[in-house]
Amino acid sequence: MPKRLPSLSGYGIGWSTRQRITVSAIGLAILLALAATVAVFTGRTGTRDSQTATPPSTSSTASASADPTASAGTGSVAKPPPVADPVNFAKAAAAMLWSYDTRTTSRDQQLAGMKAWLTAETKYADWSSLTAQVPDPVLWSRMADQDQYATAAADEAHYPSAFKQALADDPSAITEAYIYAVTVTGKQQIAWKKGGAGAEDRSITLAVQCRPNADCSLVSISPRVVP
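Residues numbered from 1 in each chain as written. Predicted model: local features only at pLDDT ≥ 70, side-chain atom pairs only at ≥ 80, totals over all residues. Heavy atoms only, no water.

> Please clarify how the sheet that holds strand S4 (residues 196-209) should be interpreted in this entry.
Strand-to-strand pairing in sheets goes through backbone hydrogen bonds, with the strands running parallel or antiparallel. Judged by pairing direction, the sheet is antiparallel, and its five strands sit side by side in the order S1-S2-S3-S4-S5 without closing on themselves. Taken across any chain shown, the strands that pair with only one partner, and hence form the sheet edges, are strand S1 (100-101) and strand S5 (217-221). Where strand S3 (residues 179-192) meets S4, 14 bridges bridge the pair, whose relative direction is antiparallel. Along S4, the bridge assignment pairs Ile179 with Gln209. Against the sheet, helix H3 (residues 86-97) touches strand S2 (149-158), S3, S4 and S5, its axis set at about 140° to S4. (Pairing = 2+ DSSP bridges. Helix = DSSP H or I, 4+ residues; strand = E, 2+ residues; numbered from the N terminus. Contact = heavy atoms within 4.5 Å. Axes fitted to C-alpha atoms, helices over the stretch in contact; angles between N-to-C directions.)

Pasting the structure below:
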């Protein structure tokens, strides 16, 4: 039985802090003005990585055509739900991030599907933290050779204790950008050729933006899980 290749959702975990810059740090620092309270998110060095990508722009046809995800389609990637609750949206986002199907979805389609979940507010959008979840083209191809795919379920989600405490200290701070930190736990089922299969417990902390009277969107993935 062939050994499965690395799981998509675990890809990028070993990257450096600079490579996995997250807007979670900025979001909580700006929203709560309490950097010490949310020090677990401070994976930033003060400026955004020069390689950080931005969400697609509808104002420039040229830039859209240069984006490999612009016309890739989304394959089997789930679409973002019309949800206004941060916790419920985070559970859906986590399940999306833990799921993939190399049999029916190309790498560009995977990226395009993930980008649909990203906030359109470029000031906060941390696309690089999402792309870090996706294997490079060569590894994706190897996974596809093995027909590797994964399904996932998010079992529980909650606001991290540091976020709740900071918000309690300054309730009005959330109105700066309406970005919430949510930690999600669940399980991922992985399968590949010749009956290969496995299951893994998963946990992730996400930054989710939910402005009043608007559906939520994904801002960033924390480089580590926050309890």
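> Would you mind going over the environment of Val208 with me for this structure?
Mapped onto the elements, Val208 comes out in strand S4. Beyond its immediate sequence surroundings of up to four residues, Val208 is in contact with Pro86, Phe89, Ala90, Tyr178, Ile179, Tyr180, Cys216, Ser217, Leu218 and Val219.

> Mind showing me how you'd approach helix H4 (residues 107-115) here?
Think of an α-helix as 3.6 residues a turn; residues three or four steps apart then line up on the same face. The element H4 is extensively covered by neighbouring structure, given that seven of its nine residues are classed as buried. Burial in H4 covers these residues: Gln109, Gln110, Leu111, Ala112, Gly113, Met114 and Lys115. Buried residues along H4 sit in contact with H3, S1, helix H5 (127-131) and helix H6 (137-145). (Buried < 20%, exposed > 50% of the residue type's maximum accessible area, 1.4 Å probe, protein only.)

> Where do I start with unusual backbone geometry in this structure?
Backbone geometry follows two general trends: most residues other than glycine have a negative phi, and most peptide bonds adopt the trans configuration. Although it is not a glycine, Tyr178 adopts a positive phi angle of roughly 55°. The class of Tyr178 is buried, set by a relative accessible area of 19%. Backbone geometry places Lys194, a non-glycine residue, at a positive phi of 60°. Structurally, Lys194 can be placed in the loop between S3 and S4.

> Help me understand the pairing of S3, please; the structure alone is not making it clear to me.
Look at any regular strand and the pattern is simple: side chains alternate between the two faces of the sheet. Of all 14 residues in S3, 11 are buried; the element is thus mostly enclosed. Taken together, the nine bridges between S2 and S3 define a ladder with antiparallel strand orientation. Residue pairing across strands places Ala154 opposite Gly186, the latter belonging to S3. Counting the residues between successive antiparallel strands, the hairpin from S3 to S4 contains three residues, one of them, Lys194, with a positive phi of roughly 60°.

> I tried to follow the pattern of salt bridges on my own but got confused; where do I start?
Opposite charge on two side chains lets them pair, provided their charged atoms get close. Applying the stated criterion to the full structure yields four salt bridges. Salt-bridge contacts for Asp101 lead to Arg103; the nearest nitrogen and oxygen are separated by 2.8 Å. Judged by relative accessible area, Asp101 falls into the buried class, the value being 12%. Measuring nitrogen to oxygen at the nearest pair gives 2.6 Å for the salt bridge that ties Lys187 to Asp201. Here the residue Lys187 occupies a position in strand S3, and Asp201 occupies one in strand S4, the gap between them amounting to 14 residues. Overall, the relative accessible area of 34% leaves Lys187 in the partly exposed class. For Asp201, a relative accessible area of 62% corresponds to the exposed category. (Salt bridge = Lys/Arg side-chain N within 4 Å of Asp/Glu carboxyl O.)

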